[in-house]
Amino acid sequence: LMVDCGEHIFDFAKSINKDNLYKSVTDIIITHNHRDHFCKESVIRLAEIQKIRVGCNKQIRDIIGEHPNIEFVLFTPFVAEKMGKYEVIPLLANHQMVIDGDACAFHYIINTSDGKKIFYGLDGAWFLRPSWEVMKKYKFDIMVFDCTVGDKEDWRLFEHNTIPMLRMIVEGIKMADMLDDNGILVASHLARTLHASHEETKEILKEINMLTAYDGMKLIL
């Protein structure tokens, strides 16, 4: 299961010496249509290799268009869908066209076949109340959060998280008892121009027991 399919996925796979990484992809879920998350040409290239399912909003389905090797799963907010071995629940994200049903951005709850529960929340700022109410019903094994902005003042904070925002969000998660006892918190989608160095950011986020993502990171649940 691939989450988002940007324009650099093949270069990335090559850079970590896994040129055949994409050959195992059977299902793709796309959060929204920004270039770092969605590239039509990358999706088509994957579909030329094998049949794939693509879970997305209506706008992205229309951009990709019909393809003999692509089966679309059109997501409705808060309605679970089967994607290969996974159950995927799309949540409305506080990012981009929130009120536009055809182009809304999604966060995802992903339930694995062995009972693991994953929250994936890139891009987005404060959680929308309807999404939070669904999230509170789960105890997650891993939660991945947007952390585009560091401690800087930046206009992106209105649809992306800052480190101070994450501190408050983590407290809310603790209050709601949403994380498994061995659960993992991860900050990702870090803009290099809006953060200190990776090592400095890593030490800052360690204070709230949150890991700092990096290219090629692998987590075993």
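Here is what the cut-offs are and how they apply
Residues numbered from 1 in each chain as written. Predicted model: local features only at pLDDT ≥ 70, side-chain atom pairs only at ≥ 80, totals over all residues. Heavy atoms only, no water. Helix = DSSP H or I, 4+ residues; strand = E, 2+ residues; numbered from the N terminus. Rg over C-alpha atoms; globule rule 2.2 N^0.38 Å. Buried < 20%, exposed > 50% of the residue type's maximum accessible area, 1.4 Å probe, protein only. Contact = heavy atoms within 4.5 Å. Polar contact = N/O pair within 3.5 Å; in protein donor to acceptor, adjacent residues only side chain to side chain. Pairing = 2+ DSSP bridges. Axes fitted to C-alpha atoms, helices over the stretch in contact; angles between N-to-C directions.

**Details of the overall build of the protein chain**
Turning to step 1, where the next piece is worked out: Across its full length, the protein chain holds six helices and eleven strands.
Turning to step 2, where the next piece is worked out: By the compact-globule yardstick of 17 Å for 221 residues, the protein chain fits well, its C-alpha radius of gyration being 17 Å.
Turning to step 3, where the next piece is worked out: Each of the three principal axes of the protein chain carries a C-alpha extent, and together these read 50 × 35 × 35 Å.
Turning to step 4, where the next piece is worked out: Looking at the protein chain as a whole, 47% of its 221 residues are labelled buried.
Turning to step 5, where the next piece is worked out: Within the protein chain, counting contacts between residues at least 6 apart in sequence, those at least 24 apart form 61% of the total.

**Side note on the side chain of H37**
Turning to step 1, where the next piece is worked out: With respect to the secondary-structure elements, H37 resides in the loop between β2 (27-29) and α2 (40-47).
Turning to step 2, where the next piece is worked out: A distance of 2.6 Å separates the side chain of H37 from the side chain of D4, its partner in a polar contact.
Turning to step 3, where the next piece is worked out: The residues touching H37, leaving out its near neighbours within four places in the chain, are D4, C5, G6, I30, T31, H32, L122, D123 and H189.

**Points about the sheet that holds strand β4 (residues 70-74)**
Turning to step 1, where the next piece is worked out: Taken together, the four strands give an open sheet; going across it, the order is β1-β2-β3-β4, and neighbouring strands pair in parallel fashion. At either margin of the open sheet sits one strand with a lone partner, and together these are β1 (2-3) and β4.

**Side note on the sheet that holds strand β7 (residues 104-111)**
Hydrogen bonds between backbone groups are what pair the strands of a sheet, and the pairing can be parallel or antiparallel.
Turning to step 1, where the next piece is worked out: Sheet architecture is open: seven strands sit in the order β5-β6-β7-β8-β9-β10-β11, paired in mixed fashion. If you trace the sheet from one side to the other, it starts and ends with β5 (81-83) and β11 (210-212), each paired once. Taken over all neighbouring pairs, the strand axes of this sheet differ in orientation by 30° on average, direction set aside.
Turning to step 2, where the next piece is worked out: Lying on the sheet, helix α5 (residues 163-176) is in contact with β9 (140-146), β10 (179-188) and β11; it crosses β9 at an angle near 160°.
Turning to step 3, where the next piece is worked out: Across the sheet, helix α6 (residues 198-206) lies against β10 and β11, angled at about 170° from β11, the strand it touches most.

**Some details on the side chain of D154**
Turning to step 1, where the next piece is worked out: Position of D154 among the secondary structure elements: in the loop between β9 and α5.
Turning to step 2, where the next piece is worked out: A relative accessible area of 14% means that D154 is categorised as buried.
Turning to step 3, where the next piece is worked out: A distance of 2.8 Å separates the side chain of D154 from the side chain of R156, its partner in a polar contact.
Turning to step 4, where the next piece is worked out: With near-sequence residues (within four places) excluded, D154 lies in contact with V149 and L194.

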